[in-house]
Amino acid sequence: MNPTDDVLREVGPRLRALRQKSGITLAALAETTGISVSTLSRLESGQRKATLELLLPLAQAHRVPLDELVGAPQTGDPRVYARPIKRFGQLILPLSRNPGGPQAFKHVIAPGDRHEPEPKTHEGYEWLYVLTGRLRLILGPHDLVLPAGEAAEFDTRVPHWFGSAGGEPVEFLTIFDAQGARIHVRARPSVPPGSAGRPGADRA
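What is the right way to look at the packing of aromatic side chains in this model?
Aromatic ring pairs are defined here through the distance separating the ring centres and the angle between the ring planes. Applying the stated criterion across every chain yields a total of three aromatic pairs. Counting every residue linked through ring pairs, the aromatic cluster contains Phe154, Phe162 and Phe172.

Here it is as structure tokens:
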């Protein structure tokens, strides 16, 4: 028996488990990925063979590395080998391997990539930071422009969309938690011994 067939056979149950864990319906996943409900259902049941064309948007939607979807064995190598994903006019590079937990990504919007806003919703919570350029963020009723160095965080159940403000190149980082837990971007510093009671010692 072909070992590849064994690997692909396990993809369906893994996809179903990821979707159910995130509380996402097939209809919502279909809207996010552009893959029909019937195809998604057949993938999860094993009636449809998984292909790279189908797995890439699903990996992005679930915010997991492609390796996790296909059950690739762990090598012990701590480096993250990013496989760029082209979605919604963006080049998206996974920056972390943290199955079931927060995931980090780098997004690149190339010059001239202009798309009409199509806000999406899904379960989770997201934090972003603009590295270069100016990012247009549509979030519910708000239409915002974030310059380099500015950050935002929001509940992804609110309709949202990212794009370039003015068609210029934009690079930004996102940290996404599929469970919807608020992402803390600042840690409270530890207090050195003997510092208790000093002015400002209890401020983050």
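What is the right way to read the pattern of salt bridges from this model?
Pairing between side chains of opposite charge can happen when the charged atoms of each approach one another. Inspection of the entire model under this criterion finds six salt bridges. Each of Arg16, Arg19 and Glu44 takes part in salt bridges that share partners, so that together they form one network.

Would you mind showing me how to read the sheet that holds strand E5 (residues 134–139) here?
The strand order across the open sheet built from three strands is E6-E5-E8, with neighbouring strands paired in antiparallel fashion. The open sheet terminates on both sides in strands that have one partner only, identified here as strand E6 (142–147) and strand E8 (160–164). When strand polarity is set aside, the average angle formed by the axes of neighbouring strands in this sheet is 20 degrees. Where E5 lies against E6, six bridges are found, and the strand directions are antiparallel.

Is there a simple way to think about helix H3 (residues 26–33) in this case?
Note that an α-helix has 3.6 residues per turn; residues three or four places apart therefore point the same way. Here H3 has its buried residues at Leu26, Leu29, Ala30, Thr32 and Thr33. Along the axis of H3, the buried positions cluster into a sector of 165 degrees, meaning they face one direction only. Those residues of H3 that are exposed and angled more than 90 degrees off the buried face are Ala27 and Glu31. Taken together, the buried residues of H3 touch helix H2 (11–22), helix H4 (37–45), helix H5 (52–62) and strand E1 (85–87). The positive-phi residue at the C-terminal boundary of H3 is Gly34, with phi of around 80 degrees.

What counts and what doesn't
- Residues numbered from 1 in each chain as written.
- Predicted model: local features only at pLDDT ≥ 70, side-chain atom pairs only at ≥ 80, totals over all residues.
- Heavy atoms only, no water.
- Phe/Tyr/Trp six-rings, centres within 6.5 Å; stacked < 30°, edge-to-face > 60°.
- Salt bridge = Lys/Arg side-chain N within 4 Å of Asp/Glu carboxyl O.
- Pairing = 2+ DSSP bridges.
- Helix = DSSP H or I, 4+ residues; strand = E, 2+ residues; numbered from the N terminus.
- Axes fitted to C-alpha atoms, helices over the stretch in contact; angles between N-to-C directions.
- Buried < 20%, exposed > 50% of the residue type's maximum accessible area, 1.4 Å probe, protein only.
- Arc of directions from axis to C-beta.
- Contact = heavy atoms within 4.5 Å.

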